[in-house]
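Single-letter residue listing:
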Amino acid sequence: LMENHRPLVMAWHTKITGEAYLPERGVRWGNIAVHSYYNHRFVYGNQHRSRAELPTIHEGVAAHVTALFSDVLLDMLFDSMELGPGLSLVRSFQKKPLLLEAENALLTQMSLQGNIILRASQRIRVTASCHLQDVLLIAPEIFIEEGVEGSFQAIASERIKVAQHCALRYPSAIAVWNPAMSTDESEIRATPDIEIAENSYLGGIVLYHRNFNTPSYRPHIRIAETAQISGTLYCTQNLELKGRIHG
């Protein structure tokens, strides 16, 4: 947690185990829905002073993710074909990535595996009847419906929602990536840009990287109760955590 000159407030059965980097003002107990803090300690491990900024994302990684939204670069580096219903594709990583494009992509009764990139100009919706393995999804909005299982990476510029009872196995990733300075137009709605619903699991990375020119107070990532992440969570804005993170 970067130094913001405010303490971390913990309530109910929240528990931090391991190395913790916290602001100078440390931790204090609070209340959520009349529930105070019930554990004996705040941090079960070593506590360190945090800095004013989060660890930076490697320049090469940032440049690569930004380039994935570029039409010119995609046309130069990838083979391409149209996305059609009922596709079953396996693409070797020894070949150039295969690019599938659509305006709105509904992935149902479909199997995609290997070095494949699916990009939509508006949104992608993944259903439980779709099998995805090692593929990359790119769109402004990505919705992963209830019961989806697989291992894939999803990068959105605006919003990603993972519904209940999903199992995204390692090395999966979901990310909202839009580092250009902007106004938080969702502040009034107070809805999160990344949402992982109850009883869902993700093994890998959850990343939120956006910059706003005015303070934003809504949750930008919401991890629901009974949801679990095994890996890394990186958020440059506000996190609402009710589930568990192991990593």
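Up top is the structure these notes are about.
What comes next concerns the included structure. (Residues numbered from 1 in each chain as written. Predicted model: local features only at pLDDT ≥ 70, side-chain atom pairs only at ≥ 80, totals over all residues. Heavy atoms only, no water.)

1. Focus: the pattern of salt bridges
Then step 1. Evaluation of the coordinates by the stated rule reveals 8 salt bridges.
Then step 2. One salt bridge in this structure joins Glu3 and Arg49, with 3.2 Å as the shortest N-O distance. One end of the pair, Glu3, is in the segment before β1 (8-10); the other, Arg49, is in strand β6 (residues 47-49), with 46 residues separating them in the sequence.
Then step 3. With relative accessibility at 11%, the residue Glu3 sits in the buried group. (Salt bridge = Lys/Arg side-chain N within 4 Å of Asp/Glu carboxyl O. Helix = DSSP H or I, 4+ residues; strand = E, 2+ residues; numbered from the N terminus. Buried < 20%, exposed > 50% of the residue type's maximum accessible area, 1.4 Å probe, protein only.)

2. Here's the deal with the side chain of Ser200
Then step 1. Position of Ser200 relative to the elements: it lies in the loop between β15 (194-196) and β16 (201-212).
Then step 2. From its side chain, Ser200 meets the backbone oxygen of Ala163 in a polar contact 2.5 Å long.
Then step 3. With residues near it in sequence (within four places) discarded, Ser200 still touches Val162, Ala163, Gln164, His165, Cys166, Thr226, Ala227 and Gln228. (Polar contact = N/O pair within 3.5 Å; in protein donor to acceptor, adjacent residues only side chain to side chain. Contact = heavy atoms within 4.5 Å.)

3. Some points on unusual backbone geometry
Then step 1. Here the amide bond leading from Tyr170 into Pro171 is cis, since omega sits at 5°, within 30 degrees of zero.
Then step 2. Inspection of the secondary structure assignment puts Pro171 in strand β14 (residues 167-182).
Then step 3. The phi torsion at Asn199 lies on the positive side, around 60°, for a residue other than glycine.
Then step 4. With respect to the helices and strands, Asn199 occurs in the loop between β15 and β16.

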